[in-house]
Amino acid sequence: MVCYFFMPIYAILAGGEPSIWRASIMAIIFILFLKTKGKYSVTDVLAIVFILLIVWDPLLIYHVGFQFSFLVTFSILLSGRWLSSDKNPFMQALKISFVAQMIILPLQFNYFSFFQPLSIILNVIIIPYFSLFVIPFMYILLPLTLLPFPIVKFLDQAFMFIHQFVLQFIFWFDKIADTPWVIGTFSISITCLYFILFLIMMMEVEWNESIKGFKIGILITLLLFLLVAKPYLSPEGRVTMLDIGQGDAYIIELPYRKGVIMIDAGATFSFSDGTVSENIYKRIIKPYLYLQGIQKVDALILTHEDLDHVGSAPFIVEEMDVDRIYVHAYYEIEEEQWKDKKIVKVKGSDVLNIKGHPFHVLGPLKNANDPNENSVVLFTEIGGLTWLFTGDMGIETEKNLIKNYPNLKADVLKVGHHGSNTSTGAEFLDQINPKVALISVGKNNRYGHPSDEIIQRIKDNETIIFRTDEHGAVQYHFKGNSGTFSTTLPYYNSE
């Protein structure tokens, strides 16, 4: 009766997550069956709990924790004979961790795009630590708060000492052994193939056919390696204008993964103190890179100093492998900014050869003593189209640009300054004569970008307009010298 009463309270105190409710309800049902001496199958109990939770809230089926919890529990139950065949507690824990991690692998890649192989070993230490020490100690410590303060303080300090030691061990382990597999998503066909192979492997192992199981395990490993190698075997490439709200972030993926180039990486920031938020990086830039299986950025080109163009750069540099950072020749770099990174300053007439692909630097031609006017201007050919990236270059600088490059034209124009009327002058637009205009701009932004005047000017030029506040992220998917623009990626709503 105490358990009947305590389990729901425990589930609520523990956060009310689906995995907690699954464990609590299963415990109640097990006790009920034992009291009534009823016959039951453990998998039947799991199925009953599944049905009860789905009836209570049908949308739980989409909850990641719900899916992981039931899938892991079911796989462990099915593997019971193999798990119990080893009497060594450490080996049993290792087997459980292996089964739990492998069964959710396709879902993990689809949700998070990466897998940390060493987590199988680390879980053997961390899960028992929390299950056998942290959680019980928390519940024991609660009634002990009635004891004299010195005793409670001693217990609290003892717990924190142990806990900090464990956390430091985790951080140390993560530092020396952080080797995630960043693959992206599994297709339905690959997911089905993976589960079939894993099921066969576990059946062979349970039937003591270790050699056959090992061979199937090799096939699973080869399948994963094939997914890792897929971008390096593909002749297709992409240019993506991410929707990060009021800011710029463009990602160029060359065919056969010859190179990954980022042009700008904006972020949101506080207008009161200039504090940069990592929200854009965590929610949009990093998930997209991981979705594409990207762990290394060959070139990070920052057109100018404004935070809506460079705010996420420190987060990218900290977490990603960035080969080189390109900035304009007059960019003032703080002493500790991007320490130990290869920073290259560029100016007009330079040519950047990034993994064999040329980017012509058209500006800045001189120091305008203004971040926007000093923007790095890039011209390149990608997928059969010529592209012009202009940063936040203003109208007067545009005039100087076409004066110095009188034959300059481009199929795709990255519209300057988010469509502000300070850029994209009539004279400039007439000469460039783009077929497609890209405008990265936040929905309902405080600046009123893009300007109605500029939009009408571009439309009068019979140019197709893609803008992130209306179309979300925009992607040019190409193969050879032909490609297609699409607006099917999810977009960021700044409201």
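One can find the structure itself at the top, above this paragraph.
I will try to describe carefully the structure that is included in this document. Keep in mind it's a predicted model, so treat the numbers as computed, not measured. (Residues numbered from 1 in each chain as written. Predicted model: local features only at pLDDT ≥ 70, side-chain atom pairs only at ≥ 80, totals over all residues. Heavy atoms only, no water.)

1. So, the nonpolar core
1) Next: Of all hydrophobic cores here, the largest spans 29 residues; its most connected members are Leu-242, Met-262, Ile-285, Leu-300, Ile-316 and Val-322.
2) Next: Looking at which element gives the most residues to this core, the answer is helix H12 (residues 279-291), with 7 residues.
3) Next: Sequence-distant contacts of Leu-242, that is, excluding residues within four places in its chain, are made with Ala-249, Ile-251, Ile-284, Ile-285, Tyr-288, Ser-440, Thr-468 and Ala-473.
4) Next: By size, the runner-up hydrophobic cluster in this structure holds 28 residues, among which are Val-239, Ile-354, Val-412 and Val-436. (Core = buried A, V, L, I, M, F, W, Y, C linked by side-chain atoms within 4.5 Å. Buried < 20%, exposed > 50% of the residue type's maximum accessible area, 1.4 Å probe, protein only. Helix = DSSP H or I, 4+ residues; strand = E, 2+ residues; numbered from the N terminus. Contact = heavy atoms within 4.5 Å.)

2. Focus on the pairing of strand S3 (residues 236-241)
1) Next: Along S3, 5 of the 6 residues are buried, which leaves the element largely enclosed by surrounding structure.
2) Next: As paired strands, S3 and strand S16 (residues 474-479) are joined by 6 bridges and run antiparallel to one another. When the bridges of S16 are listed, Val-239 appears paired with Tyr-476.
3) Next: The sheet contact formed by S3 and strand S4 (residues 249-253) spans 4 bridges and is antiparallel. Residue Thr-240 lies in a different strand from S4, and its bridge partner there is Ile-251. (Pairing = 2+ DSSP bridges.)

3. Comments concerning the environment of Tyr-139
1) Next: With respect to the helices and strands, Tyr-139 occurs in helix H8 (residues 119-144).
2) Next: A C-alpha to C-alpha distance of 66 Å links Tyr-139 and Leu-362, two positions 223 residues apart in sequence.
3) Next: Beyond its immediate sequence surroundings of up to four residues, Tyr-139 is in contact with Phe-6, Tyr-10 and Leu-13.

4. Here's the deal with the sheet that holds strand S6 (residues 296-301)
1) Next: One open sheet holds the 8 strands; their spatial order is S8-S7-S6-S5-S4-S3-S16-S17, and the pairing between them is mixed. Of all strands in the sheet, those with a lone pairing partner are strand S8 (343-346) and strand S17 (482-486), marking the two edges. Averaged over all adjacent pairs, the angle separating strand axes in this sheet is 15 degrees, with direction ignored.
2) Next: Sheet topology places S6 next to strand S7 (residues 321-328); 5 bridges connect them, and they run parallel. The residue bridging Val-297 from the neighbouring strand is Val-322, located in S7.
3) Next: Against the sheet, H12 touches S3, S4, strand S5 (260-265) and S16, its axis set at about 5 degrees to S4. (Axes fitted to C-alpha atoms, helices over the stretch in contact; angles between N-to-C directions.)

5. Details of the packing of helix H4 (residues 64-78) against helix H7 (residues 105-112)
Axes are the key here: two packed helices are described by the angle between their axes and the distance separating the axes.
1) Next: For the pair H4 and H7, interaxial distance at closest approach is 11 Å and the crossing angle is 165 degrees. Of the possible angle classes, the one that applies to H4 and H7 is roughly antiparallel. Classified by chirality, the crossing of H7 by H4 is left-handed. Listed contacts from H7 to Val-64, Gln-67, Phe-68 and Leu-71 of H4 are Leu-107, Gln-108, Tyr-111 and Phe-112.
2) Next: Among the residues making up the contact of H4 with H7, the classes are represented as 6 nonpolar, 2 polar and no charged. (Parallel < 35°, antiparallel > 145°, perpendicular 65-115°, else oblique. Left-handed = near helix turned anticlockwise from the far one by under 90°. Nonpolar A, V, L, I, M, F, W, Y, C, P; charged D, E, K, R; others polar.)

6. Focus on the side chain of Lys-414
1) Next: If you trace the backbone, Lys-414 turns up in strand S13 (residues 412-414).
2) Next: A residue is classified by how much of its surface remains accessible, and Lys-414, at 3% relative accessible area, is buried.
3) Next: A polar side-chain atom of Lys-414 sits 2.9 Å from a polar atom in the side chain of Asp-248.
4) Next: Within polar-contact distance, the side chain of Lys-414 engages the backbone oxygen of Gly-391 at 2.7 Å.
5) Next: Discounting residues that sit within four places of it in the chain, Lys-414 has contacts with Asp-248, Tyr-250, Leu-388, Phe-389, Thr-390, Gly-391 and Leu-438. (Polar contact = N/O pair within 3.5 Å; in protein donor to acceptor, adjacent residues only side chain to side chain.)

7. Re helix H3 (residues 42-56)
1) Next: Counted at 1.5 Å a residue, the expected span for H3 with its 15 residues is 21 Å, and the 21 Å between its end C-alpha atoms agrees.
2) Next: Within the span of H3, buried status applies to Val-45, Leu-46, Val-49 and Leu-53. Taken down its axis, H3 places every buried residue within 100 degrees of arc, on the same side. Relative to its buried face, H3 has exposed residues pointing more than 90 degrees away, namely Ile-51 and Val-55. (Expected span 1.5 Å × (residues − 1). Arc of directions from axis to C-beta.)

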